[in-house]
Amino acid sequence: MAQSEGDTRSASIEKNTADSVVEEVPVKHDLAYGGEDTLPPPPDLTPEQQKALYRKIDLRLMPILTLMYLCSFLDRGNIGNAKLQGLTTQLDLTGNKYNIALTMYFVPYCLFECPANLVLKKFRPSKWLPGITLLWGVIMTMMGLVKTYPQLVGTRICLGVAEAGLFPGVVYYLTLWYPRHMIQYRIGIFFGGATLAGAFSGLLAFGISFMSGTAGLLGWSWIFASIATVVVGFISFFILVDFPHTAAFLTPEERAYVIHRKKYDNSSVGEEEHFEIRHIWETLLDWQVYFHILIYMSIIAPLYGISLFLPSIINGFGFSTPISQLLTVPPYVFATITLLVWAIWSDRIKKRYPFVLAGLTYCLVGFAINISNAPIGAKYFGTFLIVAGSYAGFPGVVAWLGNNLAGHYKRGVGMALHIGIGNFGGAIASNIYRTQDGPRYVLGHGIELMFVGIGFIFVPITVLAYKRINARRDALVKESQEKGIRHSPEELRRMGDRAPDFRYTL
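Values in this document were obtained by computation on a predicted structure and should not be read as measured data.

Trainee: Would you mind showing me how to read the nonpolar core here?
Mentor: Across soluble globular proteins, you tend to see nonpolar side chains buried next to one another. With 113 residues, the main nonpolar core has Ile-57, Leu-65, Phe-167, Trp-177 and Tyr-178 as its most contacted residues. In contact with Trp-177, not counting residues within four places along its chain, are Tyr-54, Ile-57, Leu-61, Val-241, Asp-242, Phe-243, Pro-244, Ala-247, Phe-249, Leu-250, Val-258 and Lys-262.

So, in structure tokens, the structure goes:
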């Protein structure tokens, strides 16, 4: 192999430079990707045919995945609504007991995300994802029957274990199907289930409040009833498919096209698909993972803070419990619309950071209003900005790192670490809105502003680092071409996102 300075530098290339690598180093047959050697050659599709193909995939995958995540977020977050319906009174959640119950969900949720992503391909997505959905649906239903505080904590821990594999698993799963500049819209649709869950939880809590006393159970017990999740989990066994090359709902030619598009999406030779221990070490030593964890925390802490405590915050404005539940709905509707607009826009311009910064700006203004002595109307408007900024900015944070990690298992491990460690921000957010600080919650809003400030520091630093590395790789590729230095397809594939034909998405 010809050795060059590029062997030790990070790398990725846009198509204008990647094309030259493809021409100089033909892809060998033994570097088949994604099962393409079992399929016919990929067809040439018109733009209309491409849209029709991905629309076909969307219609098969996105509705059920969105329903699953809607159930997930509804189940983990409806404890905020249950708090106003007698949960704290019946279970005697005095002091910080409520906050501790929230925190205990996040500990196993964060710890089990990385192992869950590692076993996803082994157990097959079509079995693993529905299986864990079914499991947490049963656990959630049992939570409505708890009688003591320790039982509540125990079921929250079990819920965290069961739900840990869903979000990072689905995001990783989607990266196996869609090119990287089509992914934020799909994550946006999928994560839109979370924003809809926020709206539904308020509506459901309002309706279920009238069931209090039915079968001898208070309203909070009925809020936890999760039969819908069990049904969705069962149905998903018959809808989800595993990978593009085994997707029976696509023709062989369509499967070949999807795999071909993914193969040359961020590389001239395709990604590594097999697992090696070095993928874990490469991920742990990759600077961008840690920068993105801090960016993730800057969005996820406001997101969980507002989703878990919005009913209490609005209740502190002086509204009754039923009206407070209803007033949580409009901010989530606004956030859902904002999320979808930003996701489509981001994929169209092929950039992530402008929308992450926009989300942080929304959160900054929203929390600044709520920590002040502004009138109630202004503070309620501020909740719109917080919910929209955190929820609409979140898909861009997740898609950004996913775009910039190459290799199936490095991306799987990297995204699991990103989401798993980053979700400790949610654990922190569970403890900063204390009962004694209401109704203004100066401590909670202040800590959320700190997280937003971390984002404003690390997003620009990450963008500048990516730009510098991309420029260095452009110069390196030009120099290698002038000197006639070439890398073999095996070397390029092994180098992944450090290869000279990889460019970081900004």
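On we go from here.
Trainee: Even after reading the chapter, I still don't get a nonpolar patch on the surface, so can you show me in this structure?
Mentor: On the surface, a cluster of nonpolar side chains totalling about 520 Å² of accessible area is made up of Val-107, Leu-111, Phe-112, Ile-157, Val-161, Ile-421 and Phe-424. Elements represented by at least two residues in the nonpolar patch include exactly helix H4 (97-111) and helix H7 (149-163). Mapped onto the elements of the fold, Phe-112 is located in the loop between H4 and helix H5 (113-123). On the basis of relative accessibility, which here comes to 41%, the residue Phe-112 falls in the partly exposed class.

Trainee: Quick question: what am I supposed to make of the packing of aromatic side chains here?
Mentor: As enumerated under the stated definition, the model contains 32 aromatic pairs in all. With a centroid separation of 6.2 Å and an interplanar angle of 80°, the aromatic rings of Tyr-98 and Phe-309 are classed as edge-to-face. Placement of Tyr-98 in helix H4 and of Phe-309 in helix H14 (residues 287-315) is noted, with a sequence separation of 211 residues between them. Take Tyr-98 and Phe-309: they sit in the same class, and that class is buried. Taking 6.2 Å as the distance between ring centres and 25° as the angle between the ring planes, the aromatic pair formed by Trp-177 and Phe-249 counts as stacked.

Trainee: Can you help me understand the pattern of salt bridges in this one?
Mentor: A pair can form between side chains of opposite charge whenever their charged atoms are brought close. In this structure the tally under the stated criterion is ten salt bridges. For the salt bridge of Asp-347 with Arg-352, the shortest nitrogen-to-oxygen distance reads 2.8 Å. In this structure Asp-347 comes out as buried when scored by relative accessible area, which is 10%. On the basis of relative accessible area, Arg-352 is assigned to the buried category, the value being 0%. The closest approach of N and O atoms between Asp-497 and Lys-410, which form a salt bridge, is 3.1 Å. Of this pair, Asp-497 sits in the loop between helix H22 (489-495) and strand E2 (498-502) while Lys-410 is found in helix H19 (residues 408-422), placing the two residues 87 residues apart along the sequence. A relative accessible area of 1% places Asp-497 in the buried class. A cluster of three or more residues bridged by salt bridges with shared partners is formed by Arg-278, Glu-282 and Arg-498.

Trainee: Honestly, the environment of Pro-43 in this entry has me stumped. Any pointers?
Mentor: Summarising the element assignment, Pro-43 is placed in the loop between helix H1 (15-24) and helix H2 (47-77). Using a relative accessible area of 26% as the deciding quantity, one classes Pro-43 as partly exposed. As a C-alpha pair, Pro-43 and Ala-256 span 213 residues in sequence and 7.7 Å in three-dimensional space. With residues up to four places along the chain from it excluded, the contact list for Pro-43 reads Glu-253 and Tyr-257.

Trainee: Hey, could you run me through the environment of Ile-277 in this one?
Mentor: Here Ile-277 lies in helix H13 (residues 277-284). Along the chain, Ile-277 and Tyr-409 lie 132 residues apart, while their C-alpha atoms are 9.7 Å from each other.

Trainee: Mind showing me how you'd approach the side chain of Asn-117 here?
Mentor: Among the secondary structure elements, Asn-117 is positioned in helix H5. Beyond its immediate stretch of four places on either side in the chain, Asn-117 contacts Pro-168, Gly-169, Tyr-172, Gly-412 and Ala-416.

Conventions used here
Every chain's residues receive numbers from 1 upward, in the order its sequence appears when written. Given that the model is predicted, a residue must reach a pLDDT of at least 70 before its local features are reported, and side-chain atom pairs must reach 80 or more before they are shown or counted; all residues, however, enter totals for whole chains, interfaces and linings. Note that water and hydrogens are dropped before the side-chain values are worked out from all heavy atoms of the structure. The nonpolar core is taken to be a set of buried Ala, Val, Leu, Ile, Met, Phe, Trp, Tyr and Cys residues, with the residues joined through side-chain atoms within 4.5 Å. When a residue's accessible area, from a 1.4 Å probe over protein chains only, is under 20% of the maximum for its type it is buried; when over 50% it is exposed; and in between it is partly exposed. Pairs of residues are marked as contacts when any of their non-hydrogen atoms sit within 4.5 Å. Think of a patch as exposed residues, more than 30% relative accessible area, with no salt bridge, where like charges cluster within 9 Å and nonpolar side chains (Val, Leu, Ile, Met, Phe, Trp, Tyr) cluster within 5 Å. Computed with a 1.4 Å probe, the accessible areas rest on the Shrake-Rupley method; for each residue, only the protein chains presented here act as cover. What makes a salt bridge here is a side-chain nitrogen of Lys or Arg within 4 Å of a carboxyl oxygen of Asp or Glu, nothing more. Put simply, DSSP H or I for four residues or longer makes a helix, DSSP E for two residues or longer makes a strand, and each gets a number counted from the N terminus. Centres within 6.5 Å make a pair out of two Phe, Tyr or Trp rings, where for Trp the six-membered ring is used; the pair is then stacked when the planes are under 30 degrees apart, edge-to-face when over 60, and tilted otherwise.

Remember that the coordinates give geometry; whether it matters functionally is a separate question.
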